[in-house]
Amino acid sequence: MKITLSRLLITTGLLMGATSANAALPHEATLYKNPQCGCCDGYARHLEDMGVDVTIVDDRELAGIKKAAGVPYGLGACHTVKMGDYTIEGHVPLAAVKALFEQQPEIDGIGLAGMPSGTPGMPGPQQEPYKVYQFQNQEASPFMTL
């Protein structure tokens, strides 16, 4: 009986931990992209797989959206996501998105410049470490490397 109760408690604890991590993610996001960009749609599908309802906005004036969001010049990517109080620039790995909402730092958002192979929505294997940056007032600093 003690073994069964111990297993039940451990399983419950693990499930609660997993639920807490996912509960930190907002339920909705808006993804701004160029209408012809299919990899951006792929990124949206990855967010949806995490339980996020994604609204896709095809917008050719992405520079203004990025500037208003505080994305540092030269560190942009093919799409910009508004999620909760944060901006997520580009194909940021989902582990970094989860970390952002678990930690909730006082920043404007996080990003991954370019369109690196192997990231959510991008085909191919990872070629090098993903250097995810954080930004505040258009100034970047390291957030995490994956």
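Everything numeric here is computed off the predicted structure, so don't read it as measured data.

J.: Please clarify how the pattern of salt bridges should be interpreted in this entry.
T.: A side chain of one charge can pair with a side chain of the opposite charge when the charged atoms of the two come close. Following the criterion strictly, the structure yields three salt bridges and no others. D41 serves as the salt-bridge partner of K33, at 3.7 Å between the closest nitrogen and oxygen. K33 gets classed as buried once you look at its relative accessible area, which sits at 2%. Across the pair K66 and E89 runs a salt bridge, and its minimum N-O distance is 2.5 Å. Of the two residues, K66 sits in helix α3 (residues 62-69) while E89 sits in strand β4 (residues 86-89), which places them 23 residues apart along the sequence. With relative accessibility at 12%, the residue K66 sits in the buried group. Each of K33, D41 and D58 takes part in salt bridges that share partners, so that together they form one network.

J.: Any chance you could explain the side chain of E89 here in plain terms?
T.: Looking at E89, the relative accessible area reads 0%, which means it is buried. A polar atom in the side chain of E89 sits 2.7 Å from the backbone nitrogen of A77. Within the structure, the side chain of E89 is placed 2.5 Å from the side chain of T80, a separation counted as a polar contact. Setting aside residues up to four positions removed in sequence, E89 forms contacts with K66, V71, L75, G76, A77, H79, T80, I110, G111, L112 and Y133.

J.: Where do I start with a negative patch on the surface in this structure?
T.: Judged by side-chain charge, E28, E48, D49 and D53 come together as a negatively charged surface patch. Here E48 lies in helix α2 (residues 38-49). Residue classification places E48 among the partly exposed positions, given a relative accessible area of 38%.

J.: What's the story with the pairing of strand β2 (residues 53-58) in this structure? I'm lost.
T.: In the case of a regular strand, side chains alternate between the two sheet surfaces. One ladder, built from six bridges, connects strand β1 (residues 28-33) with β2; its direction is parallel. Residue pairing in the sheet places K33 in a bridge with D58 of β2. Considered for its hand, the β-α-β crossover made up of β1, α2 and β2 is right-handed.

Procedures and definitions
- Counting from 1, residues in each chain are numbered in the order their sequence is written.
- Note on the predicted model: pLDDT of at least 70 is required for a residue's local features to be given, and 80 or more for side-chain atom pairs to be given and counted; whole-chain, interface and lining totals, by contrast, use all residues.
- To obtain the side-chain values, all non-hydrogen atoms of the structure were included, while hydrogens and water were left out.
- The salt bridge criterion pairs a side-chain nitrogen of Lys or Arg with a carboxyl oxygen of Asp or Glu, the two atoms within 4 Å.
- Relative accessible area decides the class of each residue, using a 1.4 Å probe on protein chains only: under 20% of the type maximum gives buried, over 50% gives exposed, and in between gives partly exposed.
- By definition, any uninterrupted DSSP run of H or I lasting at least four residues is a helix, any uninterrupted run of E lasting at least two residues is a strand, and each is numbered from the N terminus.
- Polar contacts, as used here, are pairs of N or O atoms within 3.5 Å; protein pairs need one atom able to donate a hydrogen and one able to accept it. Residues neighboring in sequence count only if both atoms are side-chain atoms.
- Two residues form a contact once any of their heavy atoms are found within 4.5 Å.
- Patch rule: a residue counts if its relative accessible area is over 30% and it has no salt bridge; like charges are joined within 9 Å, and nonpolar side chains (Val, Leu, Ile, Met, Phe, Trp, Tyr) within 5 Å.
- Only the protein chains shown count as cover for residues, and the accessible areas themselves come from Shrake-Rupley with a 1.4 Å probe.
- Positive: Lys, Arg. Negative: Asp, Glu. His and the chain ends are not part of the count.
- Lysine's charge is taken at NZ, arginine's at CZ, aspartate's at CG and glutamate's at CD.
- Here, a strand pair is defined by DSSP locating no fewer than two bridges between the strands.
- A clockwise path from the first strand over the helix to the second, with the strands pointing away from the viewer, defines a right-handed crossover.

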